[in-house]
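Structure assessment
Take a look at the letters that make up each chain.
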Amino acid sequence: MRIFLRPVRREDGSNIVKWRNSDKVKDHCFDKSQVTLESNESFYEAYIETGKYKQFIVERIDEDFGVSSYPIATVYLKDMDLENHRCEFCIFTSDDQEWNTESQKIAIQQLLKKAFDEYNMHKVYSYVFRENHDEVELLMKAGFHKEAVLEAEAFDGTGNYVDVLRMCVIV
C-alpha cells in the first residue's frame with residue numbers, strides 16, 4: 001500500500017464536507033455541527049490560505065492498472081505555536097475502504113514527519129475521547145503516548161460529559 005499526502009486544494013471541499021458530516025467522523029469531533037460547502041470555503045480562506053492550518057489530502061496510489069491516485073481522507077496540523085514549536089494534530093476518518101488502520105498509521109507518521117522536519121515542531125498533540133479505544137490505539141501505534149486525562153472535558157453525542165485524553169509525540 002502506498003499512501004502520500006498532498007496539500008489540500010479548494011476543490012477538495014466537497015470530499016471534506018462529505019467526510020466531516022459522516023456520523024463516523026462527527027462521533028470523534030468536539031464540534032458535531034454540520035459543515036456546508038460555504039462554511040468549508042470560509043474555513044479554507046481563513047485557515048488554509050493564511051497558513052494557520054497545514055491541511056493535507058491523504059491519497060492512495062493505485063499501481064495495479066497504471067499509476068493513479070485518489071483521495072481517501074484528510075489530516076492536518078492546527079494551532080501552530082511557532083514560539084513553543086508545538087501544534088495540534090487532527091484527522092478525519094472516511095468511509096473509504098482504503099482508509100484502514102494501516103493507511104491511517106502511514107498518514108499519521110507522514111504528517112508527524114512534516115511537523116518535525118518541515119515545520120520545526122518539538123511537540124505534536126491530539127485530543128481523543130477516552131472511550132474511543134480504536135483511535136487511542138491507532139495514535140499509540142503511530143508514536144503518540146498518553147500525556148493527560150482531561151476529566152469531563154466535552155459533551156458526547158448524547159449530551160453527557162466525557163473524559164478526553166491529550167496524547168502527544170515529542171522529539
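Let us look at the structure shown here. Keep in mind that this is a model prediction, so the values were computed, not measured.

**Considerations on the packing of helix α4 (residues 101–118) against helix α5 (residues 133–141)**
In the contact formed by α4 and α5, the axes pass within 9 Å of each other and the chain directions differ by 50°. The pairing of α4 with α5 is recorded here as oblique in orientation. Seen along the crossing, α4 lies across α5 with a hand that is right-handed. Across the interface between the two elements, Thr101, Gln104, Lys105, Ile108 and Gln109 of α4 pack against Leu138, Leu139 and Lys141 of α5. Residues belonging to the contact of α4 with α5 are distributed by class as follows: three nonpolar, three polar and two charged.

**What to know about the pairing of strand β7 (residues 161–170)**
Burial runs high along β7: seven of the ten residues are buried. Judged from the seven bridges that link them, strand β5 (residues 123–129) and β7 form a sheet pairing that is antiparallel. In the strand pairing of β7, Phe129 is matched with Val164. With seven bridges joining them, strand β6 (residues 145–155) and β7 adopt antiparallel strand pairing. Looking at β7, one finds that Ala154 is bridged to Val162. Here β6 hands over to β7 after five residues, with Gly159 in that stretch at a positive phi of 90°.

Rules used in this analysis
Residues numbered from 1 in each chain as written. Predicted model: local features only at pLDDT ≥ 70, side-chain atom pairs only at ≥ 80, totals over all residues. Heavy atoms only, no water. Axes fitted to C-alpha atoms, helices over the stretch in contact; angles between N-to-C directions. Helix = DSSP H or I, 4+ residues; strand = E, 2+ residues; numbered from the N terminus. Parallel < 35°, antiparallel > 145°, perpendicular 65-115°, else oblique. Left-handed = near helix turned anticlockwise from the far one by under 90°. Contact = heavy atoms within 4.5 Å. Nonpolar A, V, L, I, M, F, W, Y, C, P; charged D, E, K, R; others polar. Buried < 20%, exposed > 50% of the residue type's maximum accessible area, 1.4 Å probe, protein only. Pairing = 2+ DSSP bridges.

Remember that the coordinates give geometry; whether it matters functionally is a separate question.
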